[in-house]
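Observations on the model geometry
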Amino acid sequence: MSSDDPEGRTGPRDGRDETEDERADRKWGELIQEVRVAQTGVQILFGFLLTVVFTPHYDRLGSTDHTIYIVTVVLGACATGALIGPVSFHRIVSGSRIKPQAVRWASRLTFVGLVLLLATMTSALLLVLRAATHDDFVPWLVAAVLVWYLVCWYGLPLWARYRHTGD
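Structural notes, computed from the coordinates. (Residues numbered from 1 in each chain as written. Predicted model: local features only at pLDDT ≥ 70, side-chain atom pairs only at ≥ 80, totals over all residues. Heavy atoms only, no water.)

1. Quick look at the overall build of the chain
Assigned secondary structure in the chain consists of four helices and zero strands. The burial tally for the chain puts 32% of its 167 residues in the buried class. Across the chain, contacts joining residues at least 24 apart in sequence account for 66% of those joining residues at least 6 apart. Of the roughly 10900 Å² of accessible surface on the chain, a fraction of 64% belongs to carbon and sulfur atoms. (Helix = DSSP H or I, 4+ residues; strand = E, 2+ residues; numbered from the N terminus. Buried < 20%, exposed > 50% of the residue type's maximum accessible area, 1.4 Å probe, protein only. Contact = heavy atoms within 4.5 Å. Areas by Shrake-Rupley, 256 points an atom, 1.4 Å probe, with all protein chains shown as cover.)

2. What about the layout of surface pockets?
There is about 680 Å³ of room inside the largest pocket. Lining the largest pocket are 20 residues, with Leu31, Glu34, Val103, Ser107 and Thr110 sitting closest to its centre. Of the residues assigned to the lining of the largest pocket, the class counts are 12 nonpolar, two polar and six charged. (1 Å grid on protein atoms, 1.4 Å probe; cavity = no way out; pocket = protein on both sides within 12 Å on 5 of 7 lines; lining within 4 Å. Points joined across faces, edges and corners; volume = space filled by probe spheres on them. Nonpolar A, V, L, I, M, F, W, Y, C, P; charged D, E, K, R; others polar.)

3. A few points about the packing of aromatic side chains
A full pass over the atoms with the stated rule returns four aromatic pairs. Where tyrosine 149 meets tryptophan 153, the ring centres are 5.5 Å apart and the plane angle is 20°; that geometry is what we call stacked. One end of the pair is tyrosine 149 and the other is tryptophan 153, both in helix 4 (residues 138-165) and four residues apart, which spans about a single turn. Judged by its relative accessible area of 16%, tyrosine 149 falls in the buried class. Centroid distance tryptophan 153 to tyrosine 154: 6.5 Å. Interplanar angle 65°. Geometry classified as edge-to-face. (Phe/Tyr/Trp six-rings, centres within 6.5 Å; stacked < 30°, edge-to-face > 60°.)

4. A short note on the pattern of salt bridges
Within this structure, the stated rule accounts for five salt bridges. We note a salt bridge from aspartate 65 to arginine 130, for which the minimum N-O separation is 2.5 Å. You can see aspartate 65 sitting in helix 2 (residues 63-93) and its partner arginine 130 sitting in helix 3 (residues 99-132), a full 65 residues away along the chain. Because the salt bridges share partners, they merge into one network encompassing Glu18, Arg23, Arg26 and Glu30. (Salt bridge = Lys/Arg side-chain N within 4 Å of Asp/Glu carboxyl O.)

5. Describing the environment of histidine 57
With respect to the element layout, histidine 57 can be found in the loop between helix 1 (20-52) and helix 2. You can call histidine 57 partly exposed: its relative accessible area is 36%. Spatially, the C-alpha atoms of histidine 57 and alanine 131 are 9.1 Å apart, while their sequence positions differ by 74 residues.

6. Observations regarding helix 4
The terminal C-alpha atoms of helix 4, which comprises 28 residues, lie 39 Å apart, in line with the 40 Å expected from a rise of 1.5 Å per residue. The sharpest bend along helix 4 comes to roughly 45°, located at valine 151. For helix 4, the set of buried residues is Val138, Val142, Tyr149 and Tyr154. Summarising the contacts, the buried residues of helix 4 are in contact with helix 3. (Expected span 1.5 Å × (residues − 1). Bend = angle between axes of the 7 residues up to and from the residue.)

7. Description of the nonpolar core
Residues Leu45, Phe46, Leu49, Val52, Tyr58, Leu61, Ile68, Tyr69, Val73, Ala124 and Leu127 constitute the largest nonpolar core, which totals 11 residues. Taken together, the elements giving at least two residues each to this core come down to helix 1, helix 2 and helix 3. Element by element, the count of residues in this core is highest for helix 1, at four residues. Setting aside chain neighbours within four positions, we find alanine 124 in contact with Leu45, Leu49 and Thr72. (Core = buried A, V, L, I, M, F, W, Y, C linked by side-chain atoms within 4.5 Å.)

8. Digging into the packing of helix 1 against helix 3
Put simply, helix 1 and helix 3 touch, their axes get as near as 9 Å, and they point 25° apart. Here helix 1 is positioned roughly parallel relative to helix 3, judged by the angle of their axes. Crossing angle aside, the handedness with which helix 1 passes helix 3 is left-handed. Residue-level contacts link Glu20, Asp21, Ala24, Asp25, Lys27, Trp28, Leu31, Val35, Ala38, Val42, Leu45 and Leu49 of helix 1 to Lys99, Pro100, Ala102, Val103, Ala106, Ser107, Thr110, Leu114, Leu117, Thr120, Met121 and Ala124 of helix 3. Residues of the contact of helix 1 with helix 3, tallied by class, amount to 16 nonpolar, three polar and five charged. (Axes fitted to C-alpha atoms, helices over the stretch in contact; angles between N-to-C directions. Parallel < 35°, antiparallel > 145°, perpendicular 65-115°, else oblique. Left-handed = near helix turned anticlockwise from the far one by under 90°.)

Quick look at the structure:
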């Protein structure tokens, strides 16, 4: 916020002419669109995971696979909670004139949710590939997919941010 602008408008620093509240409104809208994409994915994955225990194949899994399944379900539950959290956060603080702070906290929840979603997807992939094949290459394949996720979700955005903004 510019100290010489009584309306709290930002200036050339970010290339936008908006108040702190306008910026918070814009960032909230952008964040909610991002959360919608992630929520859909995590909810479908979590719903599928909840049904696995009721299939006949589940009883034939070994103890290691049962452990992987339990860890995967817990990760999925945590990811779901973190990615739905921003909606609840907004609803509870709505009207209390703390939108900039709410956006920051909702953004942090979303980031945590994405990390948990990454862990859930990796764990689910490990479980499925272990059940589908009992080959020794499964951990390597899962590791390769994990690297791909890391590149797509974090590496490329961080590279672009560094390359184009210097931040």
